[in-house]
Amino acid sequence: MNTNSDIGMVNPPNLQNVQQINPTAKQQANLEEMKRKEKRFQTFGIGSFLYALFYTFCLYHNTSGITYPFFAGGTLLFFGYFIKKSKSSSADDNQEQKKAHINNIFLMVCIVVAGGLNCTTDSGVLIFFNKVLMYILMSIFLLQCWQDLTGWGIVAYARGCALMLCGAIGSIITPIEDLIAKWKLRLAKHEKKENPEKKRIWSSVGIGLLITIPVAMFTTILLASADAVFWNILYSILTFSIDIDILENIGVVTKILFYILIVFVSCYGIFAYNTEPRNIKKIQEATEPGETNMDTFIAITVNGVMCVIYLLFSSVQIFGLFLGKMELPVGYTYASYARRGFFELVVVCIFNILMVLFTMAYFKTSRLLRILLSVICGCTYIMTISSAYRMILYISSYQLTFLRLLVLWGLVMIAIVITGVLLSIYNQKFSLFRFFVIVLSVGWIGFSAAHPDYWIASYNIMTCGDGQEYDSHYLTKRLSLDAVAALPKEIYTDTKSVYWKRAKKYQKQTKTFLGARTFNFSRAHAAKKINNFSIKERMGSS
């Protein structure tokens with residue numbers, strides 16, 4: 001009985017101690033969490049806000065102005081500085097990651113060049129894909145700064161970028177949480193240092209103001225009734241107004257503030273998500289390469305059947321299209337036969353690349369499978385040449401358009417990409433994703449820098465010298481101001497033409513407040529050429 005009573009007396013104090021310790025530990029954990037959030041807001045808050053102002057100044061209602069290369073360079077400097085300041089990157093902790101610095105330099109150069117090209121063209125398609133290239137390369141750059149990418153494949157890169165960006169979007173409320181934590185800590189510190197005498201003074205002042213308001217209003221009304229001069233002075237003060245139409249500008253101000261807010265929370269969310277160790281680990285675990293444990297004979301069967309079909313088709317291309325030694329179907333001429341099917345072949349070429357990559361990623365490799373994949377790559381070369389040959393014949397008959405020129409560029413890129421795929425079949429350590437990034441980035445930058453619309457107009461007008469009529473609708477309606485330098489004067493000087501209207505719209509835009517941001521080399525050159533001709537025409541008529 002004594003033992004039981006002793007035990008009964010000892011247990012309750014232990015439970016009380018546990019109950020006393022747990023709340024204290026929980027409060028301490030909450031305090032540490034709030035301090036961590038406060039430190040994060042101090043690190044990224046002001047920087048994200050300044051970047052939001054910079055972003056808005058450069059790009060608000062300005063999709064292709066002179067500020068674009070400055071925006072690209074400033075963005076790289078901003079993220080580079082704060083990534084280094086956060087010290088959350090694993091880049092400096094891994095010897096292999098240091099080799100990626102060269103790749104980072106390439107990415108940064110391409111981002112700045114793509115941004116610079118945006119202010120040298122009027123083509124909406126080029127501007128759009130320049131932006132797409134910039135944001136893709138920027139995502140890869142950020143991923144490379146925060147993650148160790150050793151051994152990553154194409155699927156891992158895509159999954160890592162998706163997780164990083166989706167996590168950033170999911171963290172858009174983080175700045176609000178961090179700001180609340182900072183405010184709570186500030187209030188707690190203020191309560192500890194609060195002076196009772198100072199609190200009494202402020203309370204007395206507040207009570208005095210509450211008493212003063214009705215007394216002052218009553219007295220002022222009596223004095224205004226007693227003196228007409230005082231009434232006039234009081235009336236002029238109360239009815240004072242500034243001649244500004246607030247309703248006219250409130251919409252613009254609201255849009256700008258919303259723009260700043262979106263950029264701020266997005267930028268802060270990127271840092272908040274990607275500097276958390278658990279999120280870095282989450283991305284690493286999600287991008288770990290899986291085992292290629294699917295049965296090889298499934299891949300051999302599928303690719304074997306495709307090889308038979310592709311070899312038959314390639315034989316038809318060689319003997320029927322290139323050499324012209326096969327009998328054509330009834331109703332077909334050689335020219336009509338050759339001008340069909342280029343878009344379908346482009347789709348098949350892209351499908352072949354995806355099929356080979358999928359097979360390499362998820363199936364066990366073998367010698368026979370590598371041979372089959374090599375045959376598919378070889379047949380894809382033939383399909384690429386066939387599609388390009390058909391497109392060239394089609395252009396020679398129906399002239400050049402942007403889409404047809406883009407198809408030719410795409411076929412060149414497919415041929416180079418297939419080469420990289422073929423190398424990766426026999427060399428597992430070959431970094432295929434980086435090869436894709438380099439090839440496609442350089443290829444698109446070169447295509448964009450060439451100003452395709454100018455060459456389209458030049459080619460179509462040049463072919464008219466052989467007695468062929470050019471497509472007047474396409475030349476007068478479908479091209480950008482990049483083509484003005486190659487167009488006849490009667491096309492772009494007509495006041496009803498698209499080129500004349502776009503040039504005048506650009507000139508009007510540059511004369512607005514901060515209109516210098518929208519300066520564009522291609523539009524400025526075209527507007528100057530149109531204006532010079534208009535001046536000469538007016539002088540000649542006078």
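Criteria and thresholds
Going along each chain's sequence as written, the residues are numbered from 1 onward. Local features are withheld for residues below a pLDDT of 70 in this predicted model, meaning they are given only at 70 or higher, and side-chain atom pairs are given and counted only at 80 or more; totals for whole chains, interfaces and linings count all residues. Side-chain numbers here rest on the full set of heavy atoms in the structure, without hydrogens or water. Helix and strand labels come from DSSP, where a helix needs a run of H or I of at least four residues and a strand needs a run of E of at least two; each type is numbered from the N terminus. Classification of residues uses two cut-offs on accessible area relative to the type maximum, computed with a 1.4 Å probe and protein chains only: under 20% is buried, over 50% is exposed, and between them is partly exposed. Any two residues whose heavy atoms approach within 4.5 Å are treated as being in contact. Accessible surface is estimated by sampling points in the Shrake-Rupley manner with a 1.4 Å probe; for residues, cover comes only from the protein chains shown. Counted as a polar contact is a pair of N or O atoms within 3.5 Å, where, for protein atoms, one must be capable of donating a hydrogen and the other of accepting one, and residues adjacent in sequence contribute only when both atoms are in side chains. Whenever a carboxyl oxygen of Asp or Glu lies within 4 Å of a side-chain nitrogen of Lys or Arg, that contact is scored as a salt bridge. Take the buried Ala, Val, Leu, Ile, Met, Phe, Trp, Tyr and Cys residues and link them wherever side-chain atoms come within 4.5 Å; each set so joined is a nonpolar core. To obtain each axis, a line is fitted to C-alpha atoms, and for helices this fit is confined to the stretch in contact; angles are then taken between N-to-C directions over 0 to 180 degrees. To sort the angles, those under 35 degrees are grouped as roughly parallel, those over 145 as roughly antiparallel, those from 65 to 115 as roughly perpendicular, and the leftovers as oblique. Left-handed describes a crossing in which the near helix is turned anticlockwise from the far one by less than a right angle; the clockwise case is right-handed. Here the nonpolar group is Ala, Val, Leu, Ile, Met, Phe, Trp, Tyr, Cys and Pro; Asp, Glu, Lys and Arg are the charged ones; every other residue, Gly included, is treated as polar. A helix is expected to reach a length of 1.5 Å times the quantity of its residues less one. Centres within 6.5 Å are what make two rings of Phe, Tyr or Trp a pair, Trp counting through its six-membered ring; a difference in plane orientation under 30 degrees is then read as stacked, over 60 as edge-to-face, and the rest as tilted. To sit over a ring, a charge needs its Lys NZ or Arg CZ within 6 Å of the ring centre and within 35 degrees of the ring normal. Only residues whose relative accessible area exceeds 30% and that form no salt bridge are eligible for patches; like-charged ones are grouped when within 9 Å, while nonpolar side chains (Val, Leu, Ile, Met, Phe, Trp, Tyr) are grouped when within 5 Å.

A. A look at the overall build of the chain. Scanning the chain for helices and strands turns up 22 helices and zero strands. In the chain, which comprises 542 residues, the proportion classed as buried is 37%. In the chain, once contacts between residues fewer than 6 apart in sequence are set aside, the share between residues at least 24 apart is 76%. When the accessible area of the chain is evaluated, it comes to approximately 32,500 Å², of which 68% is carbon and sulfur surface.

B. Here's a closer look at the side chain of glutamine 144. Structurally, glutamine 144 can be placed in helix H5 (residues 124-146). There is a polar contact of 2.4 Å between the side chain of glutamine 144 and the side chain of asparagine 104.

C. Seen up close, the pattern of salt bridges. Enumeration according to the criterion identifies six salt bridges in this entry. A salt bridge links glutamate 276 to arginine 40; the nearest nitrogen and oxygen atoms lie 2.9 Å apart. Separated by 236 residues along the polypeptide, glutamate 276 in the loop between helix H10 (246-274) and helix H11 (277-286) and arginine 40 in helix H1 (residues 2-59) bring together distant segments of the chain. For glutamate 276, a relative accessible area of 8% corresponds to the buried category. What makes arginine 40 buried here is its relative accessible area of 10%.

D. Region of the structure containing the nonpolar core. Counting residues in each nonpolar core, the largest one holds 107 residues, and the members touching the most others are Phe79, Leu142, Phe271 and Val421. Sort the elements by how many residues they give to this core and H5 lands first, with eleven residues. Each residue touching leucine 142, except ones within four places of it in the same chain, is listed here: Phe79, Ile83, Met164 and Ile270.

E. Broad picture of the packing of helix H14 (residues 342-362) against helix H15 (residues 367-398). With their axes 9 Å apart at the nearest point, H14 and H15 run at an angle of 160° to one another. In terms of their interaxial angle, H14 and H15 are classed as roughly antiparallel. Where H14 crosses over H15, the handedness of that crossing is left-handed. Residues Phe342, Phe343, Leu345, Val346, Val348, Cys349, Asn352, Met355, Val356, Thr359 and Met360 of H14 form the contact with H15, whose participating residues are Leu369, Leu373, Ile376, Cys377, Thr380, Met383, Thr384, Ser386, Ser387, Arg390, Met391 and Tyr394. Broken down by class, the residue content of the contact of H14 with H15 amounts to 16 nonpolar, six polar and one charged.

F. A look at the side chain of aspartate 178. Mapping aspartate 178 onto the fold places it in helix H7 (residues 174-192). Only 2.6 Å separates the side chain of aspartate 178 from the side chain of tyrosine 268, close enough to count as a polar contact. Residue contacts for aspartate 178: discarding those within four places in its chain leaves Lys37, Arg40, Phe41 and Tyr268.

G. Main features of helix H17 (residues 432-449). Between its first and last C-alpha atoms H17 spans 26 Å; for 18 residues at 1.5 Å apiece the expected length is 26 Å, and the two agree. Of the residues making up H17, those classed as buried are Leu432, Phe433, Phe436, Val437, Val439, Ser441, Gly443, Trp444, Ile445, Phe447 and Ser448. Once H17 ends, the next one or two residues include histidine 451, with phi positive near 55°.

H. Looking closely at unusual backbone geometry. A positive phi angle is found at histidine 61, which is not glycine, with a value near 50°. Residues other than glycine seldom take positive phi values, yet glutamine 399 does so here, at roughly 70°. By the secondary structure assignment, glutamine 399 is in the loop between H15 and helix H16 (402-426).

I. Structural view of the packing of aromatic side chains. In total, this model carries 33 aromatic pairs according to the counting rule given. With a centroid separation of 6.0 Å and 40° between ring planes, the pair formed by phenylalanine 264 and tyrosine 268 is classed as tilted. You can see phenylalanine 264 and its partner tyrosine 268 sitting in helix H10, four residues apart, about one turn around the helix. In this structure, phenylalanine 264 and tyrosine 268 share a single accessibility class: buried. Ring geometry for phenylalanine 358 against phenylalanine 363: centres 6.2 Å apart, planes inclined by 65°, an arrangement best described as edge-to-face. With a relative accessible area of 9%, phenylalanine 363 lands in the buried category. Residue placement shows arginine 517 over the ring face of phenylalanine 57; its charged tip is 5.9 Å from the ring centre.

J. Structural context of a nonpolar patch on the surface. A grouping of Ile169, Ile172, Ile173, Ile176 and Ile180 is seen on the molecular surface, where their side chains present a nonpolar patch of about 470 Å² in accessible area. Checked against the element boundaries, isoleucine 176 lands in helix H7. Under the relative-accessibility criterion, isoleucine 176 is labelled exposed at 51%.

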